[in-house]
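The lines below spell out each chain.
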Amino acid sequence: MKVHNFNAGPAALPQEVLQKAQAELIYYGNSGISVLEMSHRSKEYEEIHERAKDSVKELLHIPSNYEVVFLQGGASLQFSMVPMNFLPSHSVANYVVTGSWSEKALKEAKRVGKAEEISSSKAKQHSYIPHSSTIIPTEGAAYVHITSNNTIYGTQWHNYPKVNIPLIADMSSDILSKMIDVTNFSLIYAGAQKNLGPAGVTLIIIERDFLKRASSTIPTMLQYKTHVDHSSLYHTPPTFSIYLLTLVLDWMKNLGGVTAIEKINQKKSSLLYQCIDDSGGFYSPHAQKEYRSMMNATFTLLDDKTTEKFLDMAKKEGFIGLEGHRSIGGCRASIYNAVPLHSVEVLVEFMRYFQKTN
Ligand SMILES: Cc1ncc(COP(=O)(O)O)c(C=O)c1O
């Protein structure tokens, strides 16, 4: 049965990428072996590794004073690595709390040093994003941390705060879905398993000048500098995940790059939100209109029973992953880069049909 994958992560991968990976699985190029069996010090792997980095730089127009790094441990390890590297004991870190992931990031920072929430959308169930002009760092703060897209609540920053101290962003669920100006940030991190590829690799984009501030007393593996100095080959990287990342990035380039993908993403999200808005309250969105996410559309139906019926029927019709996160319930359609426009069209058709018959 043809299914439509709306999983929140790990999520849909482009069909072409899976096919290429399948074709190359047993023998990569002329190597006679699989990427899975290859030394990370081999010429073939190093070429894949460098190509992944170059493609990220090319796609996001990353200037030469930034480094691209591949780590493991997911975005969750970044919640700890960021303060371990960049929160000195005499300073304080500022967090903007717009959902569960920023709450977790703050919690981890507090384990490392002094960290505080400078703005939060919690009082309104994280249904909006604080206005960027209200984000004012406290005196002497080391950095401001934001979550660019709130995967669980379905909200997204459309205008990033402009602060005069380093800005750090968790972009796990919207990296490479739209063009951004990397120079607004001192550090960006993102787990791969939504827009970049399979789980197992975390992308870091870090400004070289900012890196100079990093602690040099923490364990070697937890220092960004270690991985920058060794081109992300200090230890064995997640080679197969990085290989798949190169395929996803090639796919993106073939589609016309980030700007082209952003247009498709706008089209997909407009279709879905239009359906919600046209439903006269049958589908009710969690996020306030101007903060809606282009990646995760969250909504509920009239009551729990109807929501359950909708999810049940959707599953039978081949729609996967439409359940909302266990912390807020309801429904969530994650429409990352690799979810085809066609899947969204079919979902919208189904939602209209379900409304008509219920
Ligand atoms: C915005 C955001 N940050 C962090 C995480 C945690 O990522 P990981 O499971 O890679 O640690 C997620 C996972 O869904 C996320 O959506």
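## Focus: the site of the ligand
In step 1: Around the ligand, the surrounding shell holds 13 residues, and the nearest of these are Ser76, Thr151, Asp170, Gln193 and Lys194.
In step 2: In the model, an oxygen atom of the ligand is placed 3.2 Å from a nitrogen or oxygen of the Ala75 main chain.
In step 3: The element best represented in the shell around the ligand is helix H3 (residues 74-86), accounting for 4 residues.
In step 4: Of the residues contributing to the shell around the ligand, the split by class is 3 nonpolar, 8 polar and 2 charged.

## Describing the confidence of the model for the chain
In step 1: Of the residues in the chain, 100% have a pLDDT of 70 or more, and the chain-wide mean is 97.
In step 2: No element of the chain has a lower mean pLDDT than strand E11 (residues 284-285), at 96, and none a higher one than strand E9 (residues 187-191), at 99.

## So, the nonpolar core
In step 1: Core analysis: the biggest nonpolar cluster contains 81 residues, and Ile205 and Phe310 have the highest contact counts within it.
In step 2: Sort the elements by how many residues they give to this core and helix H7 (residues 239-255) lands first, with 9 residues.
In step 3: Domain assignment of the residues forming this core places at least three in each of domain 1 (15-254) and domain 2 (257-357).
In step 4: Within the second largest apolar cluster, 29 residues are counted, among which are Met81, Val82, Leu87 and Leu106.

## Side note on the pattern of salt bridges
In step 1: Tallied over the entire structure, the rule returns 13 salt bridges.
In step 2: With its nearest N and O atoms 3.4 Å apart, the salt bridge here joins Lys20 to Glu24. Linking Lys20 with Glu24, this pair stays in helix H1 (residues 15-24), spanning 4 residues, or about one helical turn.
In step 3: Of the residues examined, Glu24 reaches a relative accessible area of 18% and is grouped as buried.
In step 4: For the salt bridge of Asp250 with Arg51, the shortest nitrogen-to-oxygen distance reads 2.7 Å. In this pair, Asp250 sits in helix H7 while Arg51 sits in helix H2 (residues 43-60), placing the two residues 199 residues apart along the sequence.
In step 5: When its relative accessible area of 21% is taken as the criterion, Asp250 is described as partly exposed.
In step 6: Classification of Arg51 by relative accessible area gives partly exposed; the value is 24%.

## Structural notes on the environment of Phe70
In step 1: By the secondary structure assignment, Phe70 is in strand E2 (residues 66-71).
In step 2: Note on Phe70: relative accessible area 3%, which makes it buried.
In step 3: Leave out the neighbours within four places in its chain, and Phe70 touches His49, Ala52, Lys53, Val201, Thr202, Leu203, Ser232, Ile242 and Leu245.

## Observations regarding the sheet that holds strand E5 (residues 141-147)
In step 1: Strand order in the open sheet made by the 7 strands is E2-E10-E9-E8-E5-E3-E4, with mixed pairing throughout. Only two strands of the sheet have a single partner each, and these edge strands are E2 and strand E4 (115-120). Sheet twist, expressed as the average angle between the axes of neighbouring strands with direction ignored, equals 20°.
In step 2: Two elements, strand E3 (residues 92-97) and E5, share 4 bridges in a ladder whose sense is parallel. Looking at the pairing, Asn94 lines up with Val144 of E5.
In step 3: This element, H3, spans E2, E3, E5, strand E8 (167-170), E9 and strand E10 (202-207) of the sheet and lies at about 155° to E9.
In step 4: Sheet contacts for helix H4 (residues 100-112): E3, E4, E5, E8 and E9; angle to E3, the most-contacted strand, approximately 165°.

## Re the packing of H3 against H4
In step 1: The geometry of H3 relative to H4 is characterised by a closest axis approach of 8 Å and an angle of 40° between their N-to-C directions. Judged on the interaxial angle alone, H4 and H3 are oblique. Relative to H4, H3 is oriented so that their crossing is right-handed. Contacts between H3 and H4 pair Phe79, Ser80, Pro83 and Met84 from the former with Trp101, Lys104, Ala105, Glu108, Ala109 and Val112 from the latter.
In step 2: Of the residues in the contact of H3 with H4, the class split is 7 nonpolar, 1 polar and 2 charged.

## Here we look at the side chain of His40
In step 1: In this structure, His40 sits in the loop between H1 and H2.
In step 2: Of the polar contacts made by the side chain of His40, one reaches the side chain of Arg41; its length is 3.3 Å.
In step 3: Among residues more than four places away in sequence, those in contact with His40 are Tyr45, Glu46, Leu233, His235, Thr236, Pro237 and Thr239.

## Observations regarding the sheet that holds strand E12 (residues 296-300)
In step 1: Spatially, the 3 strands line up as an open sheet ordered E11-E12-E14, and their pairing is antiparallel. Whereas interior strands pair on both sides, the edge strands pair on one side only; in this sheet they are E11 and strand E14 (331-334).
In step 2: Pairing between E12 and E14: 4 bridges, direction antiparallel. The residue bridging Asn296 from the neighbouring strand is Ser334, located in E14.
In step 3: The sheet strands contacting helix H8 (residues 257-277) are E11, E12 and E14, and the helix crosses E12 at an angle near 15°.

Conventions we followed
Residues numbered from 1 in each chain as written. Predicted model: local features only at pLDDT ≥ 70, side-chain atom pairs only at ≥ 80, totals over all residues. Heavy atoms only, no water. Near = heavy atom within 4 Å. Polar contact = N/O pair within 3.5 Å; in protein donor to acceptor, adjacent residues only side chain to side chain. Helix = DSSP H or I, 4+ residues; strand = E, 2+ residues; numbered from the N terminus. Nonpolar A, V, L, I, M, F, W, Y, C, P; charged D, E, K, R; others polar. pLDDT = per-residue confidence, 0-100. Core = buried A, V, L, I, M, F, W, Y, C linked by side-chain atoms within 4.5 Å. Buried < 20%, exposed > 50% of the residue type's maximum accessible area, 1.4 Å probe, protein only. Domains from an automatic or database assignment. Salt bridge = Lys/Arg side-chain N within 4 Å of Asp/Glu carboxyl O. Contact = heavy atoms within 4.5 Å. Pairing = 2+ DSSP bridges. Axes fitted to C-alpha atoms, helices over the stretch in contact; angles between N-to-C directions. Parallel < 35°, antiparallel > 145°, perpendicular 65-115°, else oblique. Left-handed = near helix turned anticlockwise from the far one by under 90°.

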